[in-house]
Amino acid sequence: MWKQFLGKLSGKSPKSGGGGGWGSPPPKSPTSYDVNGRQWDSMRASPPLAAIAGAEGETREDVFLRKLNVCCVLFDFSNDRGRDSPERERKRQVLMSLVDCLGTAEEPLTEAMVSACVRMFAINLFRVFPPKVRPGTGAAAEADEDDPFFDPSWYHLQVVYELLLRFVTSPVVDVKVARKYMDNSFISRLLDLLDSDDPRERDCLKTVLHRIYGKFMGNRPFIRKAVSNIFYRFVSEADRHNGIAELLEVFGSVISGFAKPLKEEHKLFLWKALIPLHKPKTVGMYLPQLTYCITQFIDKEPKLSGTVIRGLLKYWPVTNSQKEMMFLGELEEVLELTEMPEFQKCMVPLFRRVAHC
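Rules of the game
- Residues numbered from 1 in each chain as written.
- Predicted model: local features only at pLDDT ≥ 70, side-chain atom pairs only at ≥ 80, totals over all residues.
- Heavy atoms only, no water.
- Helix = DSSP H or I, 4+ residues; strand = E, 2+ residues; numbered from the N terminus.
- Buried < 20%, exposed > 50% of the residue type's maximum accessible area, 1.4 Å probe, protein only.
- Contact = heavy atoms within 4.5 Å.
- Axes fitted to C-alpha atoms, helices over the stretch in contact; angles between N-to-C directions.
- Parallel < 35°, antiparallel > 145°, perpendicular 65-115°, else oblique.
- Nonpolar A, V, L, I, M, F, W, Y, C, P; charged D, E, K, R; others polar.
- Phe/Tyr/Trp six-rings, centres within 6.5 Å; stacked < 30°, edge-to-face > 60°.
- Lys NZ or Arg CZ within 6 Å of the ring centre and 35° of its normal.
- Expected span 1.5 Å × (residues − 1).
- Core = buried A, V, L, I, M, F, W, Y, C linked by side-chain atoms within 4.5 Å.

## Describing the overall build of the chain
Thought 1: Per the secondary structure count, the chain includes 16 helices and 0 strands.
Thought 2: For the chain, the residues scored as buried account for 41% of the 357 residues in total.
Thought 3: Across the chain, the fraction of contacts at a sequence separation of at least 24, relative to all contacts at a separation of at least 6, is 72%.

This is how it looks when you write it as structure tokens:
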């Protein structure tokens with residue numbers, strides 16, 4: 001009897017609902033998310049984009065557009081509620097899969113794909129900047145006022161900017177098609193983002209703007225005009241803008257590519273946009289980049305050194321000794337590039353100012 005009982009017991013397999021036994025199948029692991037955004041809920045896109053182009057009757061374009069639609073959903077990062085939400089992580093993984101797909105794509109993107117990409121960029125990037133919420137009140141909060149501010153939504157924004165950079169530089173994106181959607185309005189709103197308090201975002205925008213200027217040649221005059229307007233407003237009205245240094249850094253490379261002889265439009269940019277930037281009190285925050293731009297102009301056309309020196313004298317500080325020291329340092333660099341005929345034209349007012357110093 002005992003033999004019959006033991007035989008029946010050994011023949012039974014334990015139920016798999018508990019902890020599992022020797023005869024039980026291994027428990028099914030939960031859906032995971034890899035770096036390419038695979039195996040996410042309700043969107044069975046486990047292989048790379050090119051590999052599933054014909055899966056279940058779906059085309060490459062359908063899969064791409066479906067992923068972009070997922071990335072158009074926005075999340076609130078201003079509080080900790082839903083901080084570990086799987087939807088947030090899913091969106092980030094899908095964004096990363098799009099970056100990977102665009103980096104390895106060989107076939108050109110269709111116009112619908114380009115349009116959807118630009119729409120997704122606009123939805124995610126063009127926003128009202130979050131308020132600076134800093135710990136502490138009173139003196140402690142004031143002490144942190146100059147510290148860099150980091151946008152809590154950078155968790156998603158970082159990947160969106162990476163995808164935007166890939167989009168702008170990718171050979172599979174037709175420039176003519178892209179310009180239909182990344183028009184002057186889009187570029188203008190992109191320039192507005194340079195006023196962000198987050199230095200990481202400004203650094204990404206600097207790189208993206210430089211690539212756009214290099215690739216979308218038809219938009220170059222508009223970009224120069226839009227940047228000039230930002231400088232005008234900064235000097236005449238706002239007196240505060242977070243992205244002046246980054247804009248000047250981009251235009252340092254742009255100016256070095258100007259053809260000789262310089263066009264009148266470029267000389268006006270020097271006189272009306274760059275030289276007045278010496279006026280604001282915060283000039284020390286972007287003076288190295290400004291000096292580099294100005295010396296690039298003089299290197300292209302040495303006769304402009306007299307114009308620059310007269311501009312420095314026009315905005316020379318009278319009561320701010322620290323700012324005066326900055327001007328003297330810049331003047332030294334300008335004089336090294338100045339030829340004698342130009343120096344003689346402005347040496348009398350120049351030495352009068354130096355004597356006052």
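## Digging into the packing of helix 13 (residues 287-300) against helix 14 (residues 304-314)
Thought 1: One way to put it is that helix 13 packs onto helix 14 with a least axis distance of 8 Å and a crossing angle of 150 degrees. Judged on the interaxial angle alone, helix 14 and helix 13 are roughly antiparallel. Contacts from Ile294, Phe297 and Ile298 in helix 13 reach Leu304, Ser305 and Val308 in helix 14.
Thought 2: A per-class count over the contact of helix 13 with helix 14 returns 5 nonpolar, 1 polar and no charged.

## Quick look at the packing of aromatic side chains
Thought 1: Under the counting rule described, the total for this entry stands at 10 aromatic pairs.
Thought 2: A centroid spacing of 6.4 Å and a plane angle of 40 degrees characterise the contact between phenylalanine 231 and phenylalanine 269, whose relative ring orientation is tilted. Placement of the pair is phenylalanine 231 in helix 10 (residues 220-238) and phenylalanine 269 in helix 12 (residues 264-274), with a sequence separation of 38 residues. When sorted by exposure, phenylalanine 231 lands in the same class as phenylalanine 269, which is buried.
Thought 3: Looking at arginine 92, its charged tip hangs above the ring of tyrosine 155, at a distance of 4.6 Å from the centre.

## Describing helix 13
Thought 1: Here helix 13 spans 20 Å end to end across 14 residues, near enough to the 20 Å set by a 1.5 Å rise per residue.
Thought 2: Most of helix 13 is tucked away: 10 of the 14 residues are buried.
Thought 3: Close packing links the buried residues of helix 13 with helix 11 (244-256), helix 12, helix 14 and helix 15 (321-336).

## Section: the side chain of arginine 224
Thought 1: Summarising the element assignment, arginine 224 is placed in helix 10.
Thought 2: The contacts of arginine 224, once residues within four sequence positions are left out, are Tyr213, Phe251, Phe258, Glu265, His266 and Phe269.

## Notes on the nonpolar core
Here is a general trend for soluble globular proteins: nonpolar side chains tend to be buried in one another's company.
Thought 1: Formed by 90 residues in total, the largest nonpolar core has its most connected members in Phe121, Leu125, Phe167, Leu190, Phe231 and Leu274.
Thought 2: In contact with phenylalanine 121, not counting residues within four places along its chain, are Phe126, Val160, Leu163, Leu164, Phe167 and Phe186.

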